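Observations on chain architecture
Below, each chain spelled out in residue letters.
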Amino acid sequence: MKRLVLLGGGHAHVHVLDALARTPLGEAVAVTLVSPYARQIYSGMLPGWIAGHYPIDACAIDLTRLTRRAGCGFRRTSAVGLDLASREVLCEDGAREAFDWLSIDVGPSTGSAGIDGTSALAVRPIEHFIDAIDRLLTRLANAPETPIALIGGGAAGVELAFALRHRCPGAAISVIGSTPEPLDGLPRRLQRHAARLMAARSIRWIGSARAVAVDAGGVTLADGARVPAADVLQVTGAAAPTWPAAAGLATDARGFIAVDATLRSRSHPFVFAAGDIASYHTPRPKSGVFAVRAGPPLAANLRRAIRGEPLAAWSPQRRALYLISSGDRHALAAWGPLAWWGDWVWRWKDRIDRRFMARFGT
């Protein structure tokens, strides 16, 4: 019997499990999901939960139910390493999960290079973030004027700031970004609109700044300035775990698993990877958009590999649609150089998100 291990319950593997539920591989293949969590939080709806628009269950894909539908096993643990010579996943619970084929879709951690101190609340792993945000919201209900700082002025940081403002109208919120305006990389028109909207909602934007330290009193910037904060959220870029490179998998300079156009490892042909952990053959941002898009080609190529069939190349789309909620059922959108905003954009985003969740049985 052949053994396929799906390591991680990320967005791409959710598609793989759904594909297996629709068209099983057959009794000659045993499939096991290895993940520490019984659910996968859909990141696109997380700010809506913080803002109070959705219950957390509406944002969660039940991996236990999905693996059951797919006829797969489910080991509830994390990976701490790989033995590629023996083809085994080394698990945190002490087990060694054997495989013939391995697919990796685990979430990264939040990058914190250059920032001293450990008191910031990192947005990844999402499950840890949810627990901590829940406690933060409880504290803010009792102390509504608590100062909060967010490190990271990209789409995720700005969206979280808007969500917190909607949920906690009295809090003093600051966003620290390395670029002059928020939403770096998105159209200038949208950046300017986001800056105006943040100012109108009393969200302080601190641009062209770099955080170098976090402590109980707030954030220290590279120029020596201080940003007072009782709570600091770190919404900076993704960082790769150390165990893929330590195991001998080919990685890029940042430690993310290097894959070719078929999503297969460049060094080990029996290993595949997708989602934020993967470094694609054509570089793309670390975004849930590309993780979702990688799901169907990953599912198809795993099936082909197991059957000994030629693999099909996949090229990630050049442009991604970015939909950024601004807290109050209003949203911003970007597609390449184009930008829009309005209540209708939020309704558009809400339909897309609910359709995604409905597909996987939530």
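You'll find the structure just up there.
Residues numbered from 1 in each chain as written. Predicted model: local features only at pLDDT ≥ 70, side-chain atom pairs only at ≥ 80, totals over all residues. Heavy atoms only, no water.

1. Let's talk about the sheet that holds strand E21 (residues 271-273)
Pairing is parallel in the open sheet, where 5 strands are placed in the order E5-E2-E1-E9-E21. The open sheet has two edge strands, strand E5 (73-76) and E21, and neither has a second partner. When strand polarity is set aside, the average angle formed by the axes of neighbouring strands in this sheet is 20 degrees. Packing of helix H1 (residues 11-22) onto the sheet brings it into contact with strand E1 (2-7), strand E2 (29-35) and strand E9 (101-104), and relative to E1 it is tilted by some 140 degrees. The sheet strands contacting helix H3 (residues 63-70) are E2 and E5, and the helix crosses E5 at an angle near 150 degrees. (Pairing = 2+ DSSP bridges. Helix = DSSP H or I, 4+ residues; strand = E, 2+ residues; numbered from the N terminus. Axes fitted to C-alpha atoms, helices over the stretch in contact; angles between N-to-C directions. Contact = heavy atoms within 4.5 Å.)

2. Some thoughts on empty space enclosed by the protein
For the structure on display, the rule yields 2 cavities of 30 Å³ or more. Taken as a whole, the largest cavity encloses approximately 70 Å³ of empty space. Pro47, Gly48, Ala51, His53, Tyr54, Ser325, Gly327, Trp346, Lys349, Asp350 and Asp353 together form the lining of the largest cavity. Those elements that place two or more of their residues in the lining of the largest cavity are helix H2 (46-51) and helix H9 (343-359). Taken as a whole, the second largest cavity spans an internal volume of roughly 60 Å³. Around the second largest cavity sit Leu4, Val16, Ala19, Leu20, Leu25, Ala299, Leu302 and Arg303, which together line it. (1 Å grid on protein atoms, 1.4 Å probe; cavity = no way out; pocket = protein on both sides within 12 Å on 5 of 7 lines; lining within 4 Å. Points joined across faces, edges and corners; volume = space filled by probe spheres on them.)

3. Overview of the side chain of Asn301
Mapped onto the elements of the fold, Asn301 is located in helix H8 (residues 288-307). A polar atom in the side chain of Asn301 sits 2.8 Å from the backbone oxygen of Ala312. Setting aside its immediate chain neighbours within four residues, Asn301 contacts Thr262, Phe272, Leu311 and Ala312. (Polar contact = N/O pair within 3.5 Å; in protein donor to acceptor, adjacent residues only side chain to side chain.)

4. Overview of unusual backbone geometry
Backbone torsion omega between Arg124 and Pro125 reads -5 degrees, so that peptide bond is classified as cis. As for its position among the elements, Pro125 is in the loop between strand E11 (121-122) and helix H4 (126-142). Even without glycine at this site, Leu263 takes up a positive phi of about 75 degrees. Here Leu263 is to be found in the loop between strand E20 (257-258) and E21. What makes Leu263 buried here is its relative accessible area of 1%. (Buried < 20%, exposed > 50% of the residue type's maximum accessible area, 1.4 Å probe, protein only.)

5. Looking at the side chain of His13
Locating His13 in the fold gives a position in helix H1. When its relative accessible area of 0% is taken as the criterion, His13 is described as buried. For His13, the contacting residues outside a window of four places in its chain are Leu6, Leu7, Gly8, Ser103, Ile104, Asp105 and Leu298.

6. Looking at the state of the cysteines
All chains considered together, the criterion is met by 0 disulfides. The thiol of Cys72 is unpaired, and the distance to the nearest cysteine sulfur, on Cys91, comes to 16 Å. Considering cysteine sulfurs only, Cys59 is the nearest to Cys168, which forms no disulfide, with 16 Å between them. (Disulfide = S-S within 2.5 Å.)

7. Structural notes on the pattern of salt bridges
All chains considered together, the criterion is met by 16 salt bridges. Between Arg359 and Asp18 there is a salt bridge, with the nearest N and O atoms lying 3.4 Å from each other. Remark: Asp18 occurs in helix H1 and Arg359 occurs in helix H9; sequence separation between them is 341 residues. Overall, the relative accessible area of 0% leaves Asp18 in the buried class. Between Asp276 and Arg124 there is a salt bridge, with its nearest N and O atoms 3.9 Å apart. Linking Asp276 in the loop between E21 and strand E22 (278-279) with Arg124 in the loop between E11 and H4, this pair joins segments that are 152 residues apart in sequence. Here the salt bridges share partners, and the residues they tie into one network are Asp18, Arg22, Arg69 and Arg359. (Salt bridge = Lys/Arg side-chain N within 4 Å of Asp/Glu carboxyl O.)

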